[in-house]
Amino acid sequence: MSPRNLDASMVKTVRSIAAALLTILLTLTVSARGQGKTAETTVWDKVFTDEQAARGKLSYQSACSDCHMEHLRGDGQAPPLKGEDFAPQWKTVGAFMAAMGSQMPPDKPGGLPFATYCDITAFILQANNYPAGNKELAGSLEELDKILLTPKP
Ligand code: HEC
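Residues numbered from 1 in each chain as written. Predicted model: local features only at pLDDT ≥ 70, side-chain atom pairs only at ≥ 80, totals over all residues. Heavy atoms only, no water.

Colleague: I'm lost on the coordination of the iron atom of the ligand in this one. Help?
Modeller: Four donors placed tetrahedrally around a metal ideally meet at 109.5 degrees, and six donors placed octahedrally ideally meet at 90 or 180 degrees. Each protein donor to the iron atom of the ligand is listed here as H68 (NE2) and M104 (SD); together their distances run 2.0 to 2.1 Å. Around the iron atom of the ligand sit six donor atoms; with metal-centred angles ranging over 84 to 180°, the donor geometry is octahedral. With H68 in helix α3 (residues 65-68) and M104 in the loop between α5 (93-103) and α6 (114-127), the pair connects residues that are 36 residues apart, well separated along the chain. (Donors = N, O, S within 2.8 Å, 3.2 Å for Na, K, Ca; no water. Tetrahedral: all angles 85-135°; square planar, octahedral: opposite > 155°, others 65-115°. Helix = DSSP H or I, 4+ residues; strand = E, 2+ residues; numbered from the N terminus.)

Below, the structure is given as structure tokens:
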């Protein structure tokens, strides 16, 4: 083998190692992305139950509907809690609950039990036409912040 041929075959080897590494890297990246996708929870994944929404409706009627109204469209001062602006405005269930819990009801911000805020949120999600399932909405605000308000898949 002449030195020139040796160089050429080394270049070939280096190239094929580089190609193999690139393939591995791409495979890892793609599978990491795939996992991110399956781990993502959205509001379309049935994150509350009908029973919970029914409880939430009663709490809503006693604590919220004077201002936000039975139809949830607000009274002009109190903003609507349903409609096409709902998801874009809040982005996650946790973000909605953080805003609601820290300000509402106005005479007693944060004054309801956390479970009641979860129930009311279940009712509001139901009113926004998201699907119910067999698991109640619960957990810390941080966990609830992982439930994304995405457009209908
Ligand atoms: C006395 C009337 C009144 C009651 C009762 C009331 N709200 Fe409100 N709410 C308002 C008004 C007015 C605003 C808008 C002004 C503001 O942001 O403070 C508002 C704002 C909100 C917002 C938007 C907050 C933001 O950051 O934009 C949410 C969500 C909300 N209310 C949910 C509720 C829920 C749920 C209840 C019942 C637990 C409730 N409100 C009870 C009057 C009321």
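Colleague: In this structure, what is going on with the site of the ligand? I would like to understand it.
Modeller: The environment of the ligand is formed by 18 residues, the closest being C64, C67, H68, Q103 and M104. Separating a nitrogen atom of the ligand from a side-chain N or O atom of H68 is a distance of 2.7 Å. At 3.0 Å from an oxygen atom of the ligand is found a side-chain nitrogen or oxygen belonging to Q103. If one sorts the elements of the shell around the ligand by residue count, α5 sits on top with four residues. Class assignment for the residues of the shell around the ligand results in 15 nonpolar, three polar and no charged. (Near = heavy atom within 4 Å. Polar contact = N/O pair within 3.5 Å; in protein donor to acceptor, adjacent residues only side chain to side chain. Nonpolar A, V, L, I, M, F, W, Y, C, P; charged D, E, K, R; others polar.)

Colleague: Please clarify how the nonpolar core should be interpreted in this entry.
Modeller: Note that soluble globular proteins tend to have their nonpolar side chains buried in a common cluster. Among the nonpolar cores identified, the biggest contains 29 residues, and V43, M97, L125, Y130 and L137 are the most heavily contacted of them. Counting residues per element, this core draws most heavily on α6, which supplies eight residues. Leaving out residues up to four positions away in the same chain, M97 has contacts with F114, Y117, C118, T121, L137, L141 and L144. (Core = buried A, V, L, I, M, F, W, Y, C linked by side-chain atoms within 4.5 Å. Buried < 20%, exposed > 50% of the residue type's maximum accessible area, 1.4 Å probe, protein only. Contact = heavy atoms within 4.5 Å.)

Colleague: Any chance you could explain the pattern of salt bridges here in plain terms?
Modeller: One pass over the structure, following the stated rule, counts two salt bridges. Between D119 and R55 there is a salt bridge, and its shortest N-O distance comes to 3.0 Å. On the criterion of sequence distance, the pair formed by D119 in helix α6 and R55 in helix α2 (residues 50-63) is long-range, its members being 64 residues apart. Relative accessible area serves as the criterion here: at 9%, D119 is assigned to the buried category. The partner of R55 in a salt bridge is E136, with the nearest N and O atoms 3.0 Å apart. One end of the pair, R55, is in helix α2; the other, E136, is in the loop between α6 and α7 (141-144), with 81 residues separating them in the sequence. Owing to a relative accessible area of 35%, R55 belongs among the partly exposed residues under this scheme. Each of R55, D119 and E136 takes part in a single network of salt bridges with overlapping partners. (Salt bridge = Lys/Arg side-chain N within 4 Å of Asp/Glu carboxyl O.)

Colleague: Got a minute to help me understand the packing of α2 against α6 in this structure?
Modeller: Helix packing geometry: the angle between the two helix axes and the distance between the axes. Put simply, α2 and α6 touch, their axes get as near as 7 Å, and they point 105° apart. It follows from the interaxial angle that α2 and α6 lie roughly perpendicular. Contact residues: α2 offers D50, Q52, A53, R55, G56, K57, S59 and Y60, while α6 offers T116, C118, D119, I120, A122, F123 and Q126. Classifying every residue of the contact of α2 with α6 by side-chain character gives six nonpolar, five polar and four charged. (Axes fitted to C-alpha atoms, helices over the stretch in contact; angles between N-to-C directions. Parallel < 35°, antiparallel > 145°, perpendicular 65-115°, else oblique.)

Colleague: Sorry if this is basic, but what is going on with the environment of Y60 here?
Modeller: Counting through the fold element by element, Y60 comes out in helix α2. Residue classification places Y60 among the buried residues on the basis of a relative accessible area of 1%. Note: C-alpha distance between Y60 and I120 (60 residues apart in sequence) is 5.9 Å. In contact with Y60, other than residues within four places in its own chain, are S65, H68, M69, L72, L81, I120 and F123.

Colleague: Quick question: what am I supposed to make of the environment of L149 here?
Modeller: Tracing the chain through its elements places L149 in the segment after β2 (147-148). Under the relative-accessibility criterion, L149 is labelled buried at 8%. With 106 residues separating them in the primary sequence, L149 and V43 have C-alpha atoms 5.5 Å apart. Filtering out sequence-adjacent residues up to four positions away, L149 remains in contact with V43, F86, A87, W90, K91, T92, V93, L125 and Y130.

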